[in-house]
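Survey of secondary and tertiary structure
The chain contents come next:
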Amino acid sequence: MVAERSGGFVARHVRSIPRSGIRDFFEIVQSMRDVISLGIGEPDFVTPWRIREAAIYALEQGRTGYTSNLGLPRLRRSIASYVRRWFGIDYSPENEILVTVGVSEALDIALRAVINPGDEILFHEPCYVSYAPGITLSHGKPVPVPTSAEDGFALRADAIAARITSLSRVLVLNFPTNPTGAVLGRAELERIAELCVRHDLVVISDEVYSELTFPGHEHVSIASLPGMRERTIFLHGCSKAFAMTGFRLGFACAPAELTEAMMRVHQYAMLCASIIAQEAAIEALDNCHDEMLRMREKYLERRNFVVAAFRRMGLPCIEPKGTFYAFPDISPTGLNSREFAIRLLEEERVAMVPGDAFGPGGSGFVRCSCSTAMDLIEIAMDRIDRFVARVRRPTPAGA
Ligand code: PMP
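If you're wondering where the values come from, they're calculated on a predicted model, not measured in any experiment. (Residues numbered from 1 in each chain as written. Predicted model: local features only at pLDDT ≥ 70, side-chain atom pairs only at ≥ 80, totals over all residues. Heavy atoms only, no water.)

The next thing to look at is the sheet that holds strand 9 (residues 325-326). In space, the 3 strands of this open sheet follow the order 9-12-11, with antiparallel pairing throughout. Of all the strands in the sheet, the pair left with one neighbour each is strand 9 and strand 11 (353-354). Summarising the sheet, strand 9 and strand 12 (residues 366-369) pair through 2 bridges and their orientation is antiparallel. Counted as the bridge partner of Ala 326 is Cys 368 from strand 12. (Pairing = 2+ DSSP bridges. Helix = DSSP H or I, 4+ residues; strand = E, 2+ residues; numbered from the N terminus.)

Here's what the structure looks like:
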């Protein structure tokens, strides 16, 4: 007889992580008709033609094999000059750049490369859904640092300092932030950097939305600040800026020792990123600045429209300074995030993600993704307006 295991075959730490709130919600959305989705975190644009052409050309040439574990040398050189140009940081294509399967893999191997079991890993919240589960899967302890709408969802060095203990080891940053669109100014970033040096923290900086920082705001990478390059793993990729989510192409840049550690995890788990995606990424990074700017302009136009619309409805909405998300406060409706999202979907056929999918700090908010064509966004905003007016209308006495 087989010995009975408590809890079945699944490992405890895997059992402890929840399913992504976004995925569950979108399974419902997909089963419905005529829904306008302001939910999914991916560009609505098709990948620019010249990038697709580079992928086609790679196939035509029969470029269909494995690449070096670190990625194609030609791509690593493109990444090095792109990161120097955009972020002012120098990484060697020889041993400080690793090409990955999206920022998702880069994040996973960065966490696995640096976390010892029981280490405390700090991250700001509300945040991207993968951070806390990724930390748990790497046997670390997630330590969220709350940010608030009153403060524009800015991360404060003081708030981090209050949660640092002798077990703190890593700080995960994501600016501009999914889901809030917050960015971090140089002055606060310098205070945070100083804290990281003082407490000997490693920083994993997810900068996948950096190009989508809107004009008037500066994107500063923490890795470019004095004393930070040596303790920072810089993560970036092509998914958002170049509308390449399906290519699954990201990269991690870090000092050689950290890159070597990540490469070992990557080598046994993934081997290498797809060569076709790597060839396409060279074209994106070298030659697609104008295409990226045109997409950013559209996101900005849509952001301005939705923020004004939410405010007219009486829903406070911080102006996002980057990304293609808006994060309105729906608490004036008296509904919680999930009730709001489910009822809006059922009654008006508009999908937005409940804010608490991004951590408890997102309760009372929903994430609106502006990665949908403007004419559909206009219809969606009319529907949301009608819904909010209906929900807010006081119930007649005695009803
Ligand atoms: N980081 C953040 C903050 C994201 O929002 C996403 C995608 N939604 C990712 C990483 C993953 O990106 P990729 O497609 O490169 O895996």
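Read on, since the account is not over.
Next up on the list: a nonpolar patch on the surface. On the surface, Val 10, Val 14 and Leu 137 cluster together into a nonpolar patch covering about 200 Å² of accessible area. Mapping Val 10 onto the fold places it in the segment before helix 1 (12-15). (Patch = residues over 30% accessible without salt bridge, like charges linked within 9 Å, V, L, I, M, F, W, Y side chains within 5 Å. Areas by Shrake-Rupley, 256 points an atom, 1.4 Å probe, with all protein chains shown as cover. Salt bridge = Lys/Arg side-chain N within 4 Å of Asp/Glu carboxyl O.)

What follows deals with the pattern of salt bridges. Overall, the coordinates contain 23 salt bridges when judged by the stated rule. Among the salt bridges present, the one from Arg 63 reaches Glu 279, with a minimum N-O distance of 2.5 Å. Placement of Arg 63 in the loop between helix 3 (49-60) and helix 4 (73-87) and of Glu 279 in helix 10 (residues 275-287) is noted, with a sequence separation of 216 residues between them. When its relative accessible area of 17% is taken as the criterion, Glu 279 is described as buried. It is possible to trace a salt-bridge network through shared partners that takes in Arg 343, Glu 347, Glu 348, Arg 386 and Arg 390. (Buried < 20%, exposed > 50% of the residue type's maximum accessible area, 1.4 Å probe, protein only.)

The domain architecture assigned to the protein consists of domain 1 (12-46 + 290-391) and domain 2 (49-287). Computed over C-alpha atoms only, the centres of domain 1 and domain 2 are separated by 25 Å. Taken residue by residue, the interface counts 35 residues in domain 1 and 35 residues in domain 2. Carbon and sulfur atoms supply 70% of the area buried between domain 1 and domain 2, which totals about 3000 Å² over both sides. Seen at the junction of domain 1 and domain 2, the total is 0 salt bridges. No other element matches helix 11 (residues 289-312), which puts 7 residues into the side of domain 1 that touches domain 2. Class assignment of the residues belonging to the side of domain 1 that touches domain 2 gives a composition of 20 nonpolar, 9 polar and 6 charged. (Domains from an automatic or database assignment. Contact = heavy atoms within 4.5 Å. Buried area = accessible area lost by both parts, 1.4 Å probe. Nonpolar A, V, L, I, M, F, W, Y, C, P; charged D, E, K, R; others polar.)

So, on to the pairing of strand 7 (residues 232-237). Across the 6 residues of strand 7, 6 count as buried, placing the element largely inside the fold. Here strand 7 shows two buried faces, one formed by Thr 232, Phe 234 and His 236 and the other by Ile 233, Leu 235 and Gly 237. Note that strand 6 (residues 202-206) and strand 7 share 4 bridges and pair parallel. Along strand 7, the bridge assignment pairs Ser 205 with Phe 234. Two strands pair when backbone bridges link them, and strand 7 and strand 8 (residues 250-253) are joined in this way by 4 bridges, in the antiparallel orientation. Note on strand 8: the bridge partner recorded for Phe 234 is Cys 253.

A few words now on unusual backbone geometry. A cis amide bond links Phe 175 to the next residue, Pro 176, at an omega of -10°. Looking at where Pro 176 falls in the secondary structure, it is placed in the loop between strand 5 (168-174) and helix 8 (186-198). Look at the link from Asn 178 to Pro 179: it is a cis peptide, with omega at 20°. With respect to the element layout, Pro 179 can be found in the loop between strand 5 and helix 8. Backbone geometry places Leu 271, a non-glycine residue, at a positive phi of 70°. Of note, Leu 271 is situated in the loop between helix 9 (256-269) and helix 10. Leu 271 sits in the partly exposed class, given a relative accessible area of 31%. Even without being a glycine, Arg 349 presents a positive backbone phi close to 60°.

Let's shift gears to the site of the ligand. Not every one of the 13 residues close to the ligand is listed here, only the nearest: Val 103, Ser 104, Asp 206, Tyr 209 and Ser 239. In this structure, an oxygen atom belonging to the ligand sits 2.7 Å away from a main-chain N or O atom of Val 103. Within the side chain of Asp 206, an N or O atom sits 2.5 Å from a nitrogen atom of the ligand. Protein chains bury 93% of the 400 Å² of accessible surface belonging to the ligand in isolation. For the shell around the ligand, the element with the highest residue contribution is helix 5 (residues 102-114), accounting for 3 residues. (Near = heavy atom within 4 Å. Polar contact = N/O pair within 3.5 Å; in protein donor to acceptor, adjacent residues only side chain to side chain.)

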